Amino acid sequence: MHKKENFYTSDDLKYIFTGAVSEEYLKKILTMDPPLDRESKIYTATAFFADIKDATSIGEKLGDEEFRKLISKVLEMITVETTKRDGYVDEFVGDEAMIIFGAPLPLSERKQALTTADLSFAILNNCKKIGVKISVGFGMGLMSFGNYGTNNRPSFTPMGNEINTAARMEGYARKYGIHPIITSNVYELIKNQYRVVFAGQEQTKIRDNPMEIYAIIEKNINITKEETLFWDRYDAALNSLTNGSVVEAFRQLTELRYERPDELLISNTFNRVSRIYAEKLGNDFSSIPDIRVLAIKIEESMKELFGVSEFGLLEPGVDGMWRFREEKPFSYRTILFSPGGDVLIWMKGLLQSTSVKDGPDPINSVRFSDMVPLRKDNELKAMFFVNPEE
């Protein structure tokens, strides 16, 4: 049995929740029996994060006071939209907001998921009217809530791996464009009411296996026929990939990317498929004795997949220096890398394909987008570069 001194006082609760929840919600918190405990308690809750995109550059253009007014307007809108849905505005940090559903008052998981999805689109639509872009994402799971403040400044805030995972969803939303990004368990709860598509897999430090993430496109009752057909084609491309048809997935995604060049979700998926193809080339290399045989095979595939035949092969010469092969069909680059240099040391550590921009600065000059290590007997024999920059 908890001691009385472990409970939040009425003044504590008013300090924490006034303005952060609706008046009706606050009344329910104040009359909880037993009262809300300061000690940590596990809730199944949903954490929603929103962050204004390009806030720094906006602030530089507007100046301090106008920027303050803009941020205040956005955060006030977020508060109104949250509290009228019985959510809890846990905190604002600069231009970022963290919203909670399911604590301290319990709410079913399904209701949490659907309400937070509804909040996502309300915030996105209002920000569009205000004239700012915002990234949003959320996740659900077991979270530990309690007083992580001081006696003078009490708090009721979540801790744990699931809150960190939820925060990552907003970070991924910046990568995948304008869509709310969610975890797989949220997807299962809302998939019958919303059009949701697979966005990708992301590796995190707190999980052994990559985490599947999803993008919410629109509520089913609001989505147009045109949008439905477009995302049906996207799903078809993913099915092609799942069934092992990389070439067909490329063809489908190329068409979609041409139709919507600014759709980051499509571009990211295309790049992911590109790397899968590059990894396949690496596997082919280990079973083909002659580099010319591999080059012919690569050229044929490149024409089919990309409509271009430009690709490069970086390999060591008799002098030990690494340079691009000059003979056709390879595309030559006049750049040398020392076998003991930082760039080659980094390349030798690669076990799978990667983006050129992820590497050391000197390799940017090769003007390719992606590269894959070609290894034999665990030894790096060459680096294969694809996707010439336009």
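As the structure is a computational prediction, the values presented were derived from the model and not from experiment. (Residues numbered from 1 in each chain as written. Predicted model: local features only at pLDDT ≥ 70, side-chain atom pairs only at ≥ 80, totals over all residues. Heavy atoms only, no water.)

### Some remarks on the layout of surface pockets
It is a probe the size of a water molecule, rolled over the atoms, that shows where empty space is left. There is about 840 Å³ of room inside the second largest pocket. For the second largest pocket, the lining is made up of 31 residues, of which K53, L124, G177, I178 and H179 are closest to its centre. Secondary structure elements with two or more residues in the lining of the second largest pocket: β1 (41-52), α5 (109-130), β4 (134-146), β8 (211-219) and α8 (225-242). No other element matches α5, which puts 5 residues into the lining of the second largest pocket. Along the lines of polarity and charge, the residues of the lining of the second largest pocket split into 14 nonpolar, 6 polar and 11 charged. (1 Å grid on protein atoms, 1.4 Å probe; cavity = no way out; pocket = protein on both sides within 12 Å on 5 of 7 lines; lining within 4 Å. Points joined across faces, edges and corners; volume = space filled by probe spheres on them. Helix = DSSP H or I, 4+ residues; strand = E, 2+ residues; numbered from the N terminus. Nonpolar A, V, L, I, M, F, W, Y, C, P; charged D, E, K, R; others polar.)

### What about α8?
Given a rise of 1.5 Å per residue, 18 residues ought to cover 26 Å, and the 26 Å separating the end C-alpha atoms of α8 matches this to within 8%. Those residues of α8 that sit buried are F230, W231, Y234, A237, L238, S240 and L241. Here the buried residues of α8 occupy an arc of 160° about the axis, which is enough to place them on one side. Looking at α8, the residues exposed on the side facing more than 90 degrees away from the buried face are K225 and T242. Downstream of α8 by one or two residues, G244 has phi in the positive range, about 90°. (Expected span 1.5 Å × (residues − 1). Buried < 20%, exposed > 50% of the residue type's maximum accessible area, 1.4 Å probe, protein only. Arc of directions from axis to C-beta.)

### Concerning the sheet that holds strand β9 (residues 312-316)
Spatially, β11-β10-β9-β14-β13-β12 is the arrangement adopted by the 6 strands of the open sheet, whose pairing is antiparallel. Edge positions in the sheet fall to β11 (336-337) and β12 (354-355), since each has one partner strand and no second. By the bridge criterion, 2 bridges tie β12 to strand β13 (residues 368-376) in an arrangement that is antiparallel. Paired with S355 across the bridge in β13 is D370. (Pairing = 2+ DSSP bridges.)

Read these as layout, nothing more, since geometry by itself doesn't imply function.
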